[in-house]
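Results of the structural survey
If you want the building blocks of each chain, they are given just below.
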Amino acid sequence: MTLALALSRQGLRVGLPGDALRASAEGGRGDVRAYALNSASRSLLTALKVWDALPADAVTAVDDMCVVGDAASGRIDFSAWQQGVAALAWIVDAAELDNALRTVLRFAPHVQALAEADGETADAELTVLAEGRDSAGRRAHGVAWQPQAYGHSALAARLVAGQPHANTACQWFASPAVLALLPLDRPAPDTSYALVWSMPSERAEQLRQQPQAEFEAALNAVCGAGFGGLRLASERSAWPLALARAEPVCGPGWALVGDAAHTIHPLAGQGLNLGLADVAALSRVIAEREPWRALGDETLLRRYARARALPTQAMAWVTDSLLHLFAAEQPLVRELRNRGMTLLNRLAPLKRALTARAMDA
Ligand SMILES: Cc1cc2nc3c(=O)[nH]c(=O)nc-3n(C[C@H](O)[C@H](O)[C@H](O)COP(=O)(O)OP(=O)(O)OC[C@H]3O[C@@H](n4cnc5c(N)ncnc54)[C@H](O)[C@@H]3O)c2cc1C
């Protein structure tokens, strides 16, 4: 939907699968996730008039963030003020983002719904597959996709807390689990958080099905008493996690964007940021093409593939390495990783470099 908006602003005619233009039956309320979006994603959505279409309480700025290791010594604190940025990230309600995109799309010129029967055969110079990690179109183009399953699932839910969130996100590396609390202002007037808790899939399924009181006890055991007691405020959903990368990501007349091109662990909250950066790169390459070059020209599409290869590989490497570092159970590794966090916490320039990288996937 974001790419359709970006391309229609260039005056190109864009066809979208019919259901992409219709609001979902639940009015988009089914998704309990909230995305941590970086400043590059925010700029793109602002330029496309999507950001301003979001309800005020669907976006919460993150001013501070703490990352806690699995020993008392391991902790890193990030602050937007110290890094000299407006916010470390913005937490955006997933369902409201979906609604805002659909609303803006309905007013976009040059965007039309394709009847189901048209499918990919619609008379298009370029077909972009943004079908997510289980893309069927990718298979049809003979793209290699060999996911490495982590054997972990991410459990997502909405929580309410007894204490104000103070625009602070928290993350615990509680080997082998990783738990993140993302501050979110909705549903007002409760202080709330979006939870992302990844762990071995069997345990995630147990926690998903456990009675509410047991689930809340397990949650508060990891997060501690500082939140005034976290309570469950939604359904619990789980996603199996894998690392995968498509090869190639384009060919004559087609390209992949988003999770259809690369899927990573959500511990750094970067999957959608990478997908939106794909959109920005592809629409820039198309806008800057030579006047005689067709949209589906493979040379043109390879410019997009080259622009995205390094950032997507680097982010996959960082998330995968962090996960393995914190999964290792040897006492020496555990000691070193926690001391490393404390050391990093004291190195302001390195912290600044890390923040800058995460803000611009
Ligand atoms: C628990 C969790 C938390 C996360 N948190 C963050 C975060 O904080 N920040 C972040 O940046 N990322 C986060 N992510 C990652 C993020 O959700 C994904 O990277 C992002 O949703 C990928 O977007 P996408 O549009 O490429 O694919 P998807 O979101 O999978 O969307 C693809 C869509 O295409 C539809 N589709 C498929 N085939 C067709 C077809 N043939 N015709 C029509 N429609 C089709 C699908 O039904 C689906 O709606 C998180 C992921 C999880 C699981």
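None of these values were measured; they are calculated from a predicted model. Throughout, a residue's number is its position along its own chain's written sequence, starting from 1. Confidence filtering applies because this is a predicted model: local features only for residues at pLDDT of at least 70, side-chain atom pairs given and counted only at 80 or more, and all residues used for totals across whole chains, interfaces and linings. Excluding hydrogens and water, the side-chain figures rest on all heavy atoms present in the structure.

**Section: the site of the ligand**
Surveying the vicinity of the ligand reveals 19 residues, the closest of which are Arg33, Ala36, Glu131, Asp259 and Leu272. Asp259 is positioned such that a nitrogen or oxygen atom in its side chain is 2.7 Å from an oxygen atom of the ligand. Only the protein chains shown count as cover for residues, with accessible areas throughout obtained via the Shrake-Rupley method and a probe of 1.4 Å. About the coverage of the ligand: the protein hides 66% of its 1,000 Å² of free accessible area. Broken down by secondary-structure element, the contributors of at least two residues to the shell around the ligand are strand E2 (34–37) and helix H9 (271–287). The classification used treats Ala, Val, Leu, Ile, Met, Phe, Trp, Tyr, Cys and Pro as nonpolar, Asp, Glu, Lys and Arg as charged, and all other residues, Gly among them, as polar. Partitioning the shell around the ligand into residue classes produces ten nonpolar, six polar and three charged. What marks off one domain from the next here is an automatic or database domain assignment. Two domains each put at least three residues into the shell around the ligand: domain 1 (125–145 + 246–327) and domain 2 (148–241). Whether a residue is near a molecule or strand depends on its heavy atoms: it is near if one of them lies within 4 Å of it. In the analysis that follows, any N or O atom pair within 3.5 Å is treated as a polar contact, provided that within protein one partner can donate a hydrogen and the other can accept it, and provided that, for residues neighboring in sequence, both atoms belong to side chains. Secondary structure counts use DSSP, requiring at least four H or I residues in a row for a helix and at least two E residues in a row for a strand, with both numbered from the N terminus.

**A look at the domain arrangement of the protein**
Assigned domains of the protein: these are domain 1 (125–145 + 246–327) and domain 2 (148–241). The C-alpha centroid of domain 2 is placed 30 Å from the C-alpha centroid of domain 1. Contacts are residue-level and defined by heavy atoms, with any inter-residue pair within 4.5 Å sufficient. With nine residues of domain 1 in contact, the opposing surface of domain 2 contributes nine residues. Here's the idea: put two parts together, see how much 1.4 Å probe accessible area each one loses, and the total over both is what we call buried area. For the pair domain 1 and domain 2, the two sides together bury roughly 930 Å², of which 64% comes from carbon and sulfur. Three residues stand out in domain 1 for area buried against domain 2, namely His265, Leu267 and Phe326, and they jointly supply 48% of the buried area on that side. Whenever Lys or Arg places a side-chain nitrogen within 4 Å of a carboxyl oxygen from Asp or Glu, that contact is recorded as a salt bridge. At the surface where domain 1 touches domain 2, the tally comes to zero salt bridges. Run the count over domain 1 and domain 2 and you get three residue pairs in polar contact (both at pLDDT 80 or more). Considered class by class, the residues forming the side of domain 1 that touches domain 2 number five nonpolar, two polar and two charged.

**Quick word on helix H5 (residues 94–106)**
With 13 residues, H5 should reach 18 Å at 1.5 Å per residue; the first-to-last C-alpha distance of 19 Å fits that figure. Partly exposed describes any residue whose relative accessible area lies between the buried limit of under 20% and the exposed limit of over 50%, with all areas from a 1.4 Å probe on protein chains only and scaled to the type maximum. By the criterion of burial, H5 is predominantly enclosed, with ten of the 13 residues buried. The set of residues buried in H5 consists of Ala94, Ala95, Glu96, Leu97, Asn99, Ala100, Leu101, Arg102, Val104 and Leu105. A side-chain oxygen of the first residue of H5 lies 3.1 Å from the backbone nitrogen of Ala95; this N-cap is Asp93. An expected span of 1.5 Å times one less than the residue number is assigned to each helix.

**With respect to the packing of aromatic side chains**
Centres within 6.5 Å make a pair out of two Phe, Tyr or Trp rings, where for Trp the six-membered ring is used; the pair is then stacked when the planes are under 30 degrees apart, edge-to-face when over 60, and tilted otherwise. By the definition in use, this model includes four aromatic pairs. Here the aromatic cluster, defined as three or more aromatic residues joined through ring pairs, consists of Trp172, Tyr193 and Phe227. Whether a charge lies above a ring is judged from NZ of Lys or CZ of Arg, which has to be within 6 Å of the ring centre and within 35 degrees of the ring normal. The side chain of Arg236 reaches across the aromatic face of Phe215, ending 4.9 Å from its centre.

**Structural notes on the environment of Leu45**
Considering the arrangement of structural elements, one finds Leu45 in helix H3 (residues 39–47). The spacing of Leu45 and Val160 is 115 residues in sequence and 28 Å in space, taken between C-alpha atoms. The residues touching Leu45, leaving out its near neighbours within four places in the chain, are Thr2, Leu37, Val50, Trp51, Leu97 and Leu276.

**A look at the pattern of salt bridges**
Inspection of every chain in the model, using the stated rule, returns ten salt bridges. Put simply, Glu205 and Arg208 hold a salt bridge, and the shortest N to O gap is 2.8 Å. A residue pair is termed a helical-turn pair when its members lie 3 or 4 positions apart in one helix, as Glu205 and Arg208 do in helix H7 (residues 201–209) at three residues. Assessed through its relative accessible area of 30%, Glu205 is described here as partly exposed. The network of salt bridges with common partners includes Glu290, Arg293, Asp297 and Arg303.

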